[in-house]
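If you want the building blocks of each chain, they are given just below.
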Amino acid sequence: MSGDLVATLKEKNKKNPVVVYSKTYCPYCAEVKSLFQKLKVDAKVIELDSLADGNDVQQALFEVVGKKTVPQVFVGGQHIGGCDDTMAANDSGKLKEMLKEAGLSVA
């Protein structure tokens, strides 16, 4: 089953320009989601604590990125990382470059 979930996650990450794996109560997740709102980017947010199989999805996510923490952010199918990594990519301008490469216009 885990292999199927890993394949599903990878496909979802490729299909959507921006994917954020999150939990509704996580302040770091809220910070990342707020960043994408400010950039006017429609991120696909997957709230792991709202899914019936959220623990399984989080385990599959661990198999993909090697981390169990949230948020985990993907842009254009590429893993950026968590909150600090995403904020650093934004501060350096790398995030906007990645968003443009993923076909998004950035505010």
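Positions within a chain are numbered from 1, following the residues in the order the chain's sequence is written. Reporting in this predicted model follows two pLDDT cut-offs: at least 70 for local features of residues, and 80 or more for side-chain atom pairs to be given and counted; totals over whole chains, interfaces and linings ignore these cut-offs and use all residues. As a rule here, side-chain values come from all non-hydrogen atoms in the structure, and water together with hydrogens is ignored.

For the chain, an unreviewed UniProt entry supplies the name Glutaredoxin-C6 and the organism Auxenochlorella protothecoides. Per its UniProt entry, the chain bears the Sequence similarities (unreviewed entry) comment "Belongs to the glutaredoxin family. CPYC subfamily." UniProt positions are given in the numbering used here, feature names are shortened, and annotations may be inferred rather than shown by experiment.

1. Concerning the pairing of strand 2 (residues 44–47)
Pairs of strands are assigned from DSSP output, requiring at least two bridges between the strands. Strands are runs of DSSP state E lasting at least 2 residues, helices are runs of H or I lasting at least 4, and numbering of each runs from the N terminus. Both strand 1 (residues 18–22) and strand 2 contribute to a ladder of four bridges, which runs parallel. For Y21, the partnering residue across the bridge sits in strand 2 and is I46. A crossover gets the label right-handed when its path from the first strand over the helix to the second runs clockwise, viewed with the strands pointing away from the viewer. Each parallel crossover has a hand, and for strand 1 linked through helix 2 (residues 27–38) to strand 2 it is right-handed.

2. Overview of helix 3 (residues 54–65)
Helices are assigned an expected span. That span is 1.5 Å times one less than the residue count. Over its 12 residues, helix 3 extends 16 Å from the first C-alpha to the last, a length consistent with the 16 Å expected when each residue adds 1.5 Å. Here the term buried applies to any residue with accessible area under 20% of the maximum for its type, exposed to any over 50%, and partly exposed to those in between, with areas from a 1.4 Å probe on protein chains only. Of all the residues in helix 3, the buried ones are G54, V57, Q58, A60, L61 and V65. In a view along the axis of helix 3, the buried residues occupy a sector of 160°, so they form one face of it. Looking one or two residues beyond helix 3, the residue adopting positive phi is G66, at roughly 80°. By construction, the arc corresponds to the directions joining the helix axis to the C-beta atoms.

3. Quick word on the packing of helix 2 against helix 4 (residues 83–92)
Interaxial angles span 0 to 180 degrees and are taken between N-to-C directions of axes, which are lines fitted to C-alpha atoms, for helices over the stretch in contact. Contact geometry for helix 2 and helix 4: axes closest at 9 Å, N-to-C directions at 25°. The angle between the axes of helix 2 and helix 4 places the two elements in the roughly parallel class. Here helix 2 runs over helix 4; the crossing is left-handed. Together, Y28, E31, V32, L35 and F36 of helix 2 and C83, T86, M87 and N90 of helix 4 make up the contact between the two elements. Of the residues contributing to the contact of helix 2 with helix 4, the split by class is six nonpolar, two polar and one charged. Note on angle classes: values under 35 degrees are labelled roughly parallel, values over 145 roughly antiparallel, values of 65 to 115 roughly perpendicular, and the remainder oblique. Crossing chirality is assigned from the near helix's rotation relative to the far helix, an anticlockwise turn below a right angle marking it left-handed and a clockwise turn marking it right-handed. Only heavy atoms matter for contacts: two residues are in contact if any of them lie within 4.5 Å across the pair. Only Asp, Glu, Lys and Arg are considered charged, only Ala, Val, Leu, Ile, Met, Phe, Trp, Tyr, Cys and Pro nonpolar, and every remaining residue, Gly among them, polar.

4. Structural notes on helix 2
Between its first and last C-alpha atoms helix 2 spans 16 Å; for 12 residues at 1.5 Å apiece the expected length is 16 Å, and the two agree. Every buried residue of helix 2 is accounted for by C29, V32, K33, L35 and F36. Axial view of helix 2: buried residues confined to an arc of 150°, hence all on one face. Away from its buried face, by an angle of more than 90 degrees, helix 2 presents the exposed residues P27, Q37 and K38. Of the surrounding elements, those touching the buried residues of helix 2 are strand 1, strand 2, strand 3 (72–75), helix 4 and helix 5 (94–101). Looking one or two places after helix 2, you find K40, whose phi comes out positive at around 60°.

5. So, the sheet that holds strand 3
Here four strands make up an open sheet; going across it, the order is 2-1-3-4 and the pairing mixed. Since the sheet does not close on itself, it has two edges, and those belong to strand 2 and strand 4 (78–81), each with one partner. The sheet shows a mean angle of 20° between the axes of neighbouring strands, taken without regard to direction. Sheet analysis places strand 1 next to strand 3, joined by four bridges and oriented antiparallel. Each residue of the ladder has a partner; that of Y21, found in strand 3, is Q72. On top of the sheet, helix 2 reaches strand 1, strand 2 and strand 3; it is set at about 160° to strand 1, its chief contact.

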